[in-house]
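Chain and residue survey
The primary structure of each chain is shown beneath.
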Amino acid sequence: AQRVTQPEKLLSVFKGAPVELKCNYSYSGSPELFWYVQYSRQRLQLLLRHISRESIKGFTADLNKGETSFHLKKPFAQEEDSAMYYCALSGGERALTFGSGTRLQVQP
Amino acid sequence: DAGVTQSPTHLIKTRGQQVTLRCSPKSGHDTVSWYQQALGQGPQFIFQYYEEEERQRGNFPDRFSGHQFPNYSSELNVNALLLGDSALYLCASSLPGQMNTEAFFGQGTRLTVV
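Residues numbered from 1 in each chain as written. Chains lettered and ligands numbered in written order. Predicted model: local features only at pLDDT ≥ 70, side-chain atom pairs only at ≥ 80, totals over all residues. Heavy atoms only, no water.

A few points about the sheet that holds strand β1 (residues 5–7) of chain B
All names here are of chain B. Definition in use: Here, strands pair whenever DSSP counts at least two bridges between them. Only DSSP runs of H or I with at least four residues qualify as helices, and only runs of E with at least two residues qualify as strands; both kinds are numbered from the N terminus onward. Interaxial angles span 0 to 180 degrees and are taken between N-to-C directions of axes, which are lines fitted to C-alpha atoms, for helices over the stretch in contact.
Taking strand neighbours across the sheet as the criterion, the four strands line up as β1-β3-β8-β7 in an open arrangement whose pairing is antiparallel. With one partner strand each, in any of the chains shown, β1 and β7 (64–68) form the two edges of the open sheet. Along the sheet, successive strands turn relative to each other by an average axial angle of 20 degrees, direction set aside. One ladder, built from five bridges, connects strand β3 (residues 19–24) with strand β8 (residues 74–78); its direction is antiparallel. Bridge assignment links L21 to a residue of β8, and that residue is L76.

Some details on empty space enclosed by the protein
Over the atoms rolls a probe the size of a water molecule, and in doing so it shows where empty space is left. All names here are of chain B. Convention followed: In the cavity and pocket records, a cavity denotes points on a 1 Å grid over the protein atoms alone where a 1.4 Å probe fits but cannot get out, a pocket denotes an open set with protein on both sides within 12 Å along at least 5 of 7 lines, and lining residues are residues with an atom within 4 Å of a point. Grid points are joined across faces, edges and corners, and a volume is the space filled by probe spheres set on the points.
Overall, the coordinates contain one cavity of 30 Å³ or more when judged by the stated rule. Of the voids in this model, the largest cavity is the one considered here, and its volume is about 50 Å³. Broken down by secondary-structure element, the contributors of at least two residues to the lining of the largest cavity are β4 (31–37) and β9 (87–94).

Details of the sheet that holds strand β7 (residues 60–61) of chain A
Hydrogen bonds between backbone atoms are what pair the strands of a sheet, whose relative direction is either parallel or antiparallel. All names here are of chain A. The strand order across the open sheet built from three strands is β3-β8-β7, with neighbouring strands paired in antiparallel fashion. Edge positions in the sheet fall to β3 (19–21) and β7, since each of these pairs with one other strand and no more. For β3 and strand β8 (residues 72–74), the ladder comprises three bridges, and the chain directions are antiparallel. Following the sheet pairing, E20 is matched in β8 by K73.

Concerning the interface of chain B and chain A
Filter applied, for reference: Whether two residues are in contact is decided by their heavy atoms: any pair within 4.5 Å suffices. For any pair of parts, buried area is found by adding up, for both, the accessible area (1.4 Å probe) each one loses once the two are put together. Just to be clear on terms, a salt bridge is a Lys or Arg side-chain nitrogen sitting within 4 Å of an Asp or Glu carboxyl oxygen. Classification used: nonpolar for Ala, Val, Leu, Ile, Met, Phe, Trp, Tyr, Cys and Pro, charged for Asp, Glu, Lys and Arg, polar for all others including Gly.
On the side of chain A, 19 residues touch chain B, which itself brings 28 residues to the contact. Here chain B and chain A share an interface that buries about 1,900 Å² over both sides, 43% of which is from carbon and sulfur atoms. For the interface between chain B and chain A, the tally reads one salt bridge. Two residues, B:E102 and A:R49, come together in a salt bridge whose shortest N-O distance is 4.0 Å. Secondary-structure elements contributing two or more residues to the side of chain B that touches chain A are β4, β5 (44–50) and β6 (53–57) of chain B. Top element by residues in the side of chain B that touches chain A is β4(B). It accounts for three residues. Partitioning the side of chain B that touches chain A into residue classes produces ten nonpolar, 15 polar and three charged.

Quick word on the nonpolar core
In globular proteins that are soluble, nonpolar side chains generally tend to be buried together. We count it as follows: Put simply, a nonpolar core is a bunch of buried Ala, Val, Leu, Ile, Met, Phe, Trp, Tyr and Cys residues held in one set by side-chain atoms that sit within 4.5 Å of each other. Accessible area is worked out with a 1.4 Å probe on protein chains only. A residue is then buried under 20% of its type maximum, exposed over 50%, and partly exposed in between.
Among the nonpolar cores identified, the biggest contains 24 residues, and A:W35, A:L47, A:L48, A:F70, A:L72 and A:Y85 are the most heavily contacted of them. For this core, the elements supplying multiple residues, two or more each, are β2 (10–14), β3, β5 (32–38), β6 (45–49), β9 (83–90) and β11 (102–107) of chain A. Ranked by residue count, the leading element in this core is β9(A), at four residues. Contacts of A:F70, omitting those with residues within four sequence positions, involve A:C23, A:L33, A:F34, A:W35, A:L48, A:R49, A:H50, A:A61, A:D62, A:L63 and A:C87. Counting residues in each nonpolar core, the second largest holds 20 residues, with B:V4, B:L11, B:L76 and B:A87 among its members.

Observations concerning the packing of aromatic side chains
For any pair of aromatic rings, the description consists of the separation of the ring centres together with the inter-plane angle of the planes. As a reminder, the rule being used: Any two rings among Phe, Tyr and Trp, with Trp reduced to its six-membered ring, count as a pair given centres within 6.5 Å; such a pair is stacked if its planes are under 30 degrees apart, edge-to-face if over 60, and tilted if neither. Over a ring means this: the NZ of a Lys or the CZ of an Arg is within 6 Å of the ring centre and within 35 degrees of the ring normal.
All told, the structure shown has eleven aromatic pairs over all chains when counted by the stated rule. When the centroid spacing of 6.1 Å and the interplanar angle of 45 degrees are considered together, the rings of A:F34 and A:Y36 count as tilted. A:Y36 shares its class with A:F34; the two are buried. For the ring pair B:F60 and B:F64, a centre distance of 5.1 Å and an interplane angle of 65 degrees mean the geometry is edge-to-face. An identical accessibility class is assigned to B:F60 and B:F64; each is buried. Linked through ring pairs, A:F34, A:Y36, A:Y86, A:F98, B:Y35, B:F45 and B:F105 together constitute an aromatic cluster. Lying over the aromatic face of B:F104, B:K26 brings its terminal NZ or CZ to 5.4 Å of the ring centre. Here the basic side chain of B:R55 rests over the ring of B:Y50, its NZ or CZ set 4.5 Å away from the ring centre.

Overview of the pattern of salt bridges
This structure, assessed with the given rule, holds seven salt bridges over all chains. A salt bridge links B:R63 to B:D85; its shortest N-O distance comes to 2.8 Å. Within this pair, whereas B:R63 is found in the loop between β6 and β7, its partner B:D85 is found in the loop between β8 and β9, the two being separated by 22 residues in sequence. Three or more residues joined by partner-sharing salt bridges are found here, namely A:E20, A:K22 and A:K73.

Purely geometric stuff here, so don't read any function into it on its own.
This is the structure:
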């Protein structure tokens, strides 16, 4: 069975501090990993996926197959980064398995 | 393009009743997936429709059923509602093609069972 674990329900940092949102997964094959974000009063939207190897809004995430992790990082947090972040996994059929989410609060 | 649209936005039903939720996918998208999001949890996959057939199903009972129409829009039906079915129901659509894995989500339907 596939599972995604986000150990932190809430992460609170000050503006300009580094951010790391943790995500661990279990899957027997080669999954595709995603980070989705939900800003206040907006719909869930894709932030980035591991196959793109992009930096979106200053965020990056590296897939570590040895540690089965896909942590989301940003060197300098901004207040507009405050949102709910979900790590998700796809086994190739486009159905997503989500973690329980981490709320990021960036304080001024 | 309005993106993925869902109706209604809110709904209150009584235990034992039946409910139908509706979803229109983003223009050009042929695959529709439904998710249930309980309070404080991440979305949980219910099922996915492609070419008017259920292609994949999560761990949900048969009380949950769906349909996809020729225009790719979709319905989620839940029979014999339980209090535990109270949740936000999300619809997501995606483009055709094996490489198009990004899911576009609607705003959701908030279902309350009393």
